[in-house]
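# Coordinates in review
Residue-level listing of the chains:
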Amino acid sequence: MKPVPHATSLRRAPVQRRSAERLARILDACAELLDEVGYDGLSTRAVAVRAGVPIGSVYRFFGNKRQMADALAQRNLELFTEHVIERLERAAAGDWRAAMDAVLDEYLMMKRTAPGFSLVDFGNQIPVGARQDEPNSRVADRLSELLAAYIGRTPDEDLRRAFLVAVESADTLVQLAFRVDPAGDEAIIRETRELLRAYLGRLLD
């Protein structure tokens, strides 16, 4: 069962372990149903049934399905961050190319395997097809904080701007890769990797 971080969309944060486990089941059920029926077909009642909890338990945490999707997106970001940190701990400090590979590889892994991720990822595709700036800015901020010390840089505005441009560019190209091939077109992914290295190399080399 996946952990649940504090989510701003929660009506009430879980305090006891039992409550946290129930919230995790609700989000797991939400993710599974997103893959099966899409966002339009998602309902709080269906999530309650899949999670094996009373409908009141769902409403204890969420006022509607959008808030559930937002919380799932936040959990995705936390899991993504944890996975990147684990990868960086095994890599040579200061190698920003290895760091960028870790970031892109972990995103692709979640894109291919995490339930519901293709619809909500970090929060930028609900309603389906919507492209909003906030989630990518949140990812860029997280990467700036996470990678600055690893690559020996000060997390200043120049670094954050570079990561924001990189995240926005990679996001668009990865979406293209998965439109061309449901498994992610490897040629487009290779081009994405090269583009990121060329762009970030101007600042980080």
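A quick note: this is a predicted structure, and the numbers were derived from the prediction, not measured.

### Observations concerning the overall build of the protein
Across its full length, the protein carries nine helices and zero strands. N-terminal to C-terminal, the α/β element order of the protein is α-α-α-α-α-α-α-α-α. The buried share among the 205 residues of the protein stands at 47%. Counting only contacts in the protein whose residues sit at least 6 apart along the sequence, the fraction spanning at least 24 positions is 65%. As displayed, the protein offers around 10,300 Å² of accessible surface, 51% of which is attributable to carbon and sulfur atoms.

### Side note on the packing of aromatic side chains
Tallied over the entire structure, the rule returns five aromatic pairs. On the numbers, 6.4 Å between centres and 55° between planes, the contact of Phe 61 with Phe 62 is tilted. Residue Phe 61 is classed as buried on the basis of its relative accessible area of 0%. Phe 62 sits in the buried class, given a relative accessible area of 0%. Taken together, a centroid distance of 5.5 Å and an interplanar angle of 65° make the contact between Tyr 107 and Phe 117 edge-to-face. Of the two residues, Tyr 107 sits in helix H5 (residues 96-113) while Phe 117 sits in helix H6 (residues 117-120), which places them ten residues apart along the sequence. You'll find Tyr 107 and Phe 117 in the same group, each marked buried. Taken together, the ring pairs in this structure connect Phe 80, Tyr 107, Phe 117 and Phe 122 into an aromatic cluster. Of note, Lys 65 hangs over the ring of Tyr 39, and the distance from its end group to the ring centre comes to 4.6 Å.

### Thoughts on the nonpolar core
Phe 80 and Leu 147 are the most contacted members of the largest nonpolar core, which has 38 residues in total. Secondary-structure elements contributing two or more residues to this core are helix H4 (65-89), H5, helix H7 (133-151), helix H8 (157-180) and helix H9 (186-204). Those residues in contact with Leu 147 that lie beyond four places of it in its chain are Leu 88, Ala 99, Met 100, Val 103 and Phe 163. Ile 26, Ala 29, Ala 51 and Phe 61 belong to the second-largest nonpolar core, a separate cluster that totals 23 residues.

### Considering the environment of Leu 195
When you line up the elements, Leu 195 lands in helix H9. Setting aside anything within four residues of it in sequence, one finds Leu 195 in contact with Ser 169 and Leu 173.

### A short note on the pattern of salt bridges
It is possible for side chains bearing opposite charge to pair when their charged atoms get close. In the structure shown here, the tally under the stated rule is 15 salt bridges. Arg 193 is paired through a salt bridge with Asp 101; the nearest N and O atoms lie 3.0 Å apart. One end of the pair, Arg 193, is in helix H9; the other, Asp 101, is in helix H5, and 92 residues separate them in sequence. Like Arg 193, the residue Asp 101 is buried in the burial classification. By sharing partners, the salt bridges in this structure join Arg 87, Asp 101, Asp 105, Glu 106, Arg 193 and Arg 197 into a single network.

### A few points about the packing of H5 against H8
Two elements in contact, H5 and H8, have axes separated by 12 Å at closest approach and are oriented at 40°. Our classification of the angle between H5 and H8 gives oblique. In this structure, H5 crosses over H8, and the sense of that crossing is right-handed. Between H5 and H8, the residues in contact are Met 100, Leu 104, Tyr 107, Leu 108, Lys 111 and Arg 112 and Phe 163, Asp 171, Val 174, Gln 175 and Phe 178, respectively. Within the contact of H5 with H8, the residues separate by chemical class into seven nonpolar, one polar and three charged.

### Brief notes about H4
Helical periodicity: at 3.6 residues per turn, an α-helix aligns residues three or four positions apart in one direction. For H4, which comprises 25 residues, the first-to-last C-alpha distance of 36 Å matches the rise-based estimate of 36 Å (1.5 Å per residue) to within 8%. Between the side-chain oxygen at the start of H4 and the backbone nitrogen of Arg 66 there is a gap of 3.1 Å, and the oxygen is on Asn 64.

The rules we used
Residues numbered from 1 in each chain as written. Predicted model: local features only at pLDDT ≥ 70, side-chain atom pairs only at ≥ 80, totals over all residues. Heavy atoms only, no water. Helix = DSSP H or I, 4+ residues; strand = E, 2+ residues; numbered from the N terminus. Buried < 20%, exposed > 50% of the residue type's maximum accessible area, 1.4 Å probe, protein only. Contact = heavy atoms within 4.5 Å. Areas by Shrake-Rupley, 256 points an atom, 1.4 Å probe, with all protein chains shown as cover. Phe/Tyr/Trp six-rings, centres within 6.5 Å; stacked < 30°, edge-to-face > 60°. Lys NZ or Arg CZ within 6 Å of the ring centre and 35° of its normal. Core = buried A, V, L, I, M, F, W, Y, C linked by side-chain atoms within 4.5 Å. Salt bridge = Lys/Arg side-chain N within 4 Å of Asp/Glu carboxyl O. Axes fitted to C-alpha atoms, helices over the stretch in contact; angles between N-to-C directions. Parallel < 35°, antiparallel > 145°, perpendicular 65-115°, else oblique. Left-handed = near helix turned anticlockwise from the far one by under 90°. Nonpolar A, V, L, I, M, F, W, Y, C, P; charged D, E, K, R; others polar. Expected span 1.5 Å × (residues − 1). Polar contact = N/O pair within 3.5 Å; in protein donor to acceptor, adjacent residues only side chain to side chain.

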